[in-house]
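Descriptive analysis of the structure
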Amino acid sequence: MPDLSSNLAGIKSPNPFWLASAPPTNSGYQIMKAFDAGWGGAVWKTLGVPVVNVSSRYAAVNYRNTRMMGLNNIELITDRPLADNLREIEEVKKYFPEHAVIASLMVESKEQWHQIVKDVENAGCDGIELNFGCPHGMCERGMGSAVGQEPNVLKTIVGWVMEVATVPVIVKLTPNISDITVPALAAVEGGGNAISLINTIQSVIGVDLDTFVPYPVVDGKSTNGGYCGPAVKPIALNMVKNCAQHPDMNLPISGIGGIENWRDAAEHILLGATNVQVCTAVMHYGFGIIREILPGFERYMTEKGFNTMDDMIGKSVNNVKTWENLNLKYKVVASIDEKKCIECQLCYTACEDGAHQAIGLKEVGEGRVPYIIEENCVGCNLCSLVCPVEECITMVRRDDGTEHETWKEYMENDKAPTTFDDDRAGGKHHWVPAPADALKKKK
Ligand SMILES: Cc1cc2nc3c(=O)[nH]c(=O)nc-3n(C[C@H](O)[C@H](O)[C@H](O)COP(=O)(O)O)c2cc1C
Ligand code: SF4
Ligand code: SF4
C-alpha cells in the first residue's frame, strides 16, 4: 500500500487532496463533511472584512453533452463575520486534528494583515494562504489579482505576513499575468513557504443574444468574472510546470485548476505539485468524488511503484523541454486500422481541409474507406484526434531512431533556413495540390 500522507512546507495532511478556498469551504459544517468523506485538507473560503455579494453569481460553458466544462464566477471573499469563521475553524480542528485547515486571507493594510494572521493562528489553523488571485471585484479595491500582478507589492505584503506568522504561509497566485514565474519569485523573495496556483482566469463567458447582456446577469448588467473548471487544466498545468522548472523557485507548489479525478491530480503532481486543491468539481458533484479519487490514485501509485508522494512529485518536469530542444529527426505517420473504421470520414475532412491532404478515400463495396498517403503525412495527429473510434487511427514511427538533431543544433550548424525562399525550409519538398484543383469536382 503506498503512503499517501502529504507534507506541503510543513503542513501535514493524511493525503494530498485539499479543497480549494471557495464555496465548498464556506463553513465548518461543509469542511467537517468533506473530511469525513476523505479529503485531506481544506483552504477556508477567503477571510477578510466581510463583503456584500451580488445575485446571480455564476455562469458556465456547456460543451456538447458536458455541463459546466468551464465555470465563471463573480463572487467575492466571505460574506460571513470573522468571529463566526474563527469559532468554526477551532471546532473543525478539535474534531479533525490530523487534517490540514488552511486560512485563506485577504485584507488591505499592514495592521489588518498582522491582526488577521494572529486571529487565524489563535483559532488553530495549520497554515495560511494569501489570496493574491481573485480577478474580479476585489482587484478593483486594490486586493486579489491587483496584488498578484504587481510583484513588488506582492513581495511587500508577503513580508508583512512573515513578520508575524508562525505557521507556514502559502502564496496563491493569479494566472492573469504573462509570466507566472515573476510573482512566484516575488513570493520567494518575500519569504513565503509555498505557492499555490492557479486562481481563476479573468473572463466574459458569453452574451445573451436576445437581451445583449453577458452572463451572469445582475439586474440587466454583468461584469468580468473568474474562469475555472476542466477547461482551465491545461493552463494550470503549464503554469505549475513553469514554476517547478524555474531554477530559483525553491518553494513547494500546491496545484489547482481543473482537477476532477485522480488522473487530473496525478498530472499536476507529476508536473511538480506537492499536493492539489479542488473547487469546481466539488461544486458540480459534491464531496463524494474523493471516494473515487483516493482508490484510483492509490492504484496508480502502486502500478508505477511509487511508495510515497515524494517518489512521484515532479516526475514529468524534465520531460518538458523548450521547443528548440526537440528532435527534428523523429517522424511519425498516421495508420488506419480498416477493421475498426466505421467510415465516418471525419479524418478525411479534417486532413483535407484542416491539415495536409494526406488522406484519400477508396471505394470498397458500397462504402468509401480512408487510406493514408504517407508521403504527404506530416504526423500532426489531427486525424487520430478527430477519429471517434478508440485506437482506429494510431501514429506509427517511421524514422529508425538513430538520428537526433534539434533546432538549436540546426542553428549552431548553419542548417536552419535564413531567407524567405530557402531550400532548407521544412515544407519545401511536401506535395500540395495546385490551387485550381480546389474547384475540380471529386467523383
Ligand atoms: C465560486 C467561486 C468562488 C471562489 N472563491 C475563492 C476565494 O474566496 N478565494 C480563493 O483564493 N479562491 C477562490 N476561488 C478560486 C478557487 O479556489 C480555485 O483557485 C479555482 O476555482 C480553480 O480551481 P478549479 O478549476 O478546481 O475550480 C473561487 C472559485 C469559485 C468558482
Ligand atoms: S497525421 Fe495529420 S497530416 Fe497525417 S494523415 Fe493525419 S491529419 Fe493528415
Ligand atoms: S475518422 Fe476513424 S472511423 Fe471515421 S473514417 Fe476516419 S478512420 Fe474511419
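Residues numbered from 1 in each chain as written. Chains lettered and ligands numbered in written order. Predicted model: local features only at pLDDT ≥ 70, side-chain atom pairs only at ≥ 80, totals over all residues.

**So, the overall build of the protein**
- From N to C terminus, the protein includes 14 helices and 18 strands.
- With the principal axes as the frame, the protein shows a C-alpha extent of 75 × 55 × 50 Å.
- Out of the 443 residues belonging to the protein, those deemed buried represent 41%. (Helix = DSSP H or I, 4+ residues; strand = E, 2+ residues; numbered from the N terminus. Buried ≥ 20, exposed ≤ 12 C-beta atoms within 10 Å, placed from the backbone.)

**What to know about the packing of helix α8 (residues 262–270) against helix α10 (residues 290–304)**
- Where α8 contacts α10, the two axes come as close as 9 Å, and the packing angle between them is 50°. Here α8 lies oblique to α10, going by the angle between them. The way α8 lies across α10 gives a crossing that is right-handed. Contacts between α8 and α10 involve W262, A265 and A266 from the first element and I293, G296, F297 and Y300 from the second.
- The class makeup of the residues in the contact of α8 with α10 is six nonpolar, one polar and no charged. (Axes fitted to C-alpha atoms, helices over the stretch in contact; angles between N-to-C directions. Parallel < 35°, antiparallel > 145°, perpendicular 65-115°, else oblique. Left-handed = near helix turned anticlockwise from the far one by under 90°. Contact = placed C-beta atoms within 7 Å. Nonpolar A, V, L, I, M, F, W, Y, C, P; charged D, E, K, R; others polar.)

**Regarding the site of ligand 3**
- Every one of the 13 residues lining ligand 3 counts as a neighbour, but C341, C344, L346, C347 and C387 are closest to it.
- Residue composition of the shell around ligand 3, grouped by class: 11 nonpolar, one polar and one charged. (Near = placed C-beta within 6 Å.)

**Notes on the sheet that holds strand β7 (residues 100–105)**
- An order of β3-β4-β7-β8-β9-β10-β13-β14 is seen for the eight strands of this closed barrel, with the pairing classed as parallel. Shown here is a sheet whose adjacent strand axes are inclined to one another by a mean of 25°, direction ignored.
- Summarising the sheet, strand β13 (residues 253–256) and strand β14 (residues 275–278) pair through three bridges and their orientation is parallel. Each residue of the ladder has a partner; that of S254, found in β14, is N275.
- Sitting on the sheet, helix α5 (residues 151–164) is in contact with β8 (127–131) and β9 (169–172), with an inclination near 160° to β8. (Pairing = 2+ DSSP bridges.)

**A few points about unusual backbone geometry**
- For the bond from L197 to I198, the omega torsion is 10°, close enough to zero to count as cis.
- Here I198 lies in the loop between β10 (194–197) and β11 (201–203).
- With an omega of -10°, the peptide bond between Y215 and P216 qualifies as cis.
- In this model, N381 sits at a positive phi of 90°, which is unusual for a non-glycine residue.
- Assignment of secondary structure puts N381 in the loop between β17 (367–372) and α13 (382–386).
- Judged by local crowding, N381 falls into the partly exposed class, with 13 C-beta atoms found within 10 Å.

**What about the domain arrangement of the protein?**
- In terms of domains, the protein is made up of domain 1 (6–317) and domain 2 (323–434).
- Centre-to-centre, using C-alpha coordinates, domain 1 lies 41 Å away from domain 2. (Domains from an automatic or database assignment.)

**Regarding the site of ligand 2**
- The environment of ligand 2 is formed by 15 residues, the closest being C351, C377, C380, L382 and C383.
- When contributions to the shell around ligand 2 are tallied by element, the ones reaching two or more residues are α12 (346–354) and α13.

**So, helix α7 (residues 233–245)**
- Taking 1.5 Å as the rise per residue, α7 with 13 residues should run 18 Å; its terminal C-alpha atoms sit 18 Å apart, in good agreement.
- When α7 is considered as a whole, its buried residues turn out to be K233, A236, L237, M239, V240, K241, C243 and A244.
- The inward-facing, buried residues of α7 contact α6 (181–190), β10, β13 and α8. (Expected span 1.5 Å × (residues − 1).)

**What to know about the sheet that holds strand β12 (residues 225–228)**
- Spatial strand order, β5-β6-β12-β11: four strands in an open sheet with antiparallel pairing. The sheet terminates laterally at β5 (58–63) and β11, the two strands that pair on one side only. Sheet twist, expressed as the average angle between the axes of neighbouring strands with direction ignored, equals 40°.
- Relative to β12, strand β6 (residues 66–73) is paired through three bridges, and the arrangement is antiparallel. Paired with N72 across the strands is Y227, a residue of β12.

**Some words on the nonpolar core**
- In this structure, A42, I102, V120, I128, I195, L197 and V240 are the most contacted members of the largest nonpolar core, which totals 100 residues.
- Looking at which element gives the most residues to this core, the answer is α7, with six residues.
- Those residues within four positions of A42 in sequence are excluded, and the remaining contacts are W18, L19, T25, I31, A34, V101 and I102.
- Counting residues in hydrophobic clusters, the runner-up holds 12 residues, among them A334, Y348, C377 and C387. (Core = buried A, V, L, I, M, F, W, Y, C linked by C-beta atoms within 7 Å.)

**Thoughts on the packing of helix α3 (residues 110–123) against α5**
- At a minimum axis distance of 9 Å, the contact between α3 and α5 shows a crossing angle of 45°. Compared by their axis directions, α3 and α5 come out oblique. In this structure, the crossing between α3 and α5 has a hand that is right-handed. Between α3 and α5, the residues in contact are K110, W113, H114, V117 and K118 and I157, W160, V161 and V164, respectively.
- Residues belonging to the contact of α3 with α5 are distributed by class as follows: six nonpolar, one polar and two charged.

**Comments concerning the environment of D311**
- By the secondary structure assignment, D311 is in helix α11 (residues 309–312).
- Sequence separation of D311 and L270 is 41 residues, and the distance between their C-alpha atoms is 9.8 Å.

**Considering the pairing of β6**
- Bridge analysis of β5 against β6 gives five bridges, and the strand direction is antiparallel. Along β6, the bridge assignment pairs A60 with L71.
- Here β5 folds back onto β6 in antiparallel fashion, the turn holding two residues, of which R64 has a positive phi close to 50°.

**A word on the environment of Y410**
- Relative to the helices and strands, Y410 resides in helix α14 (residues 407–412).
- Taking the C-beta count within 10 Å as the criterion, Y410 has 15 such neighbours and is therefore assigned partly exposed.
- Taking the C-alpha atoms as reference, Y410 lies 9.3 Å from L328; in sequence the two are 82 residues apart.

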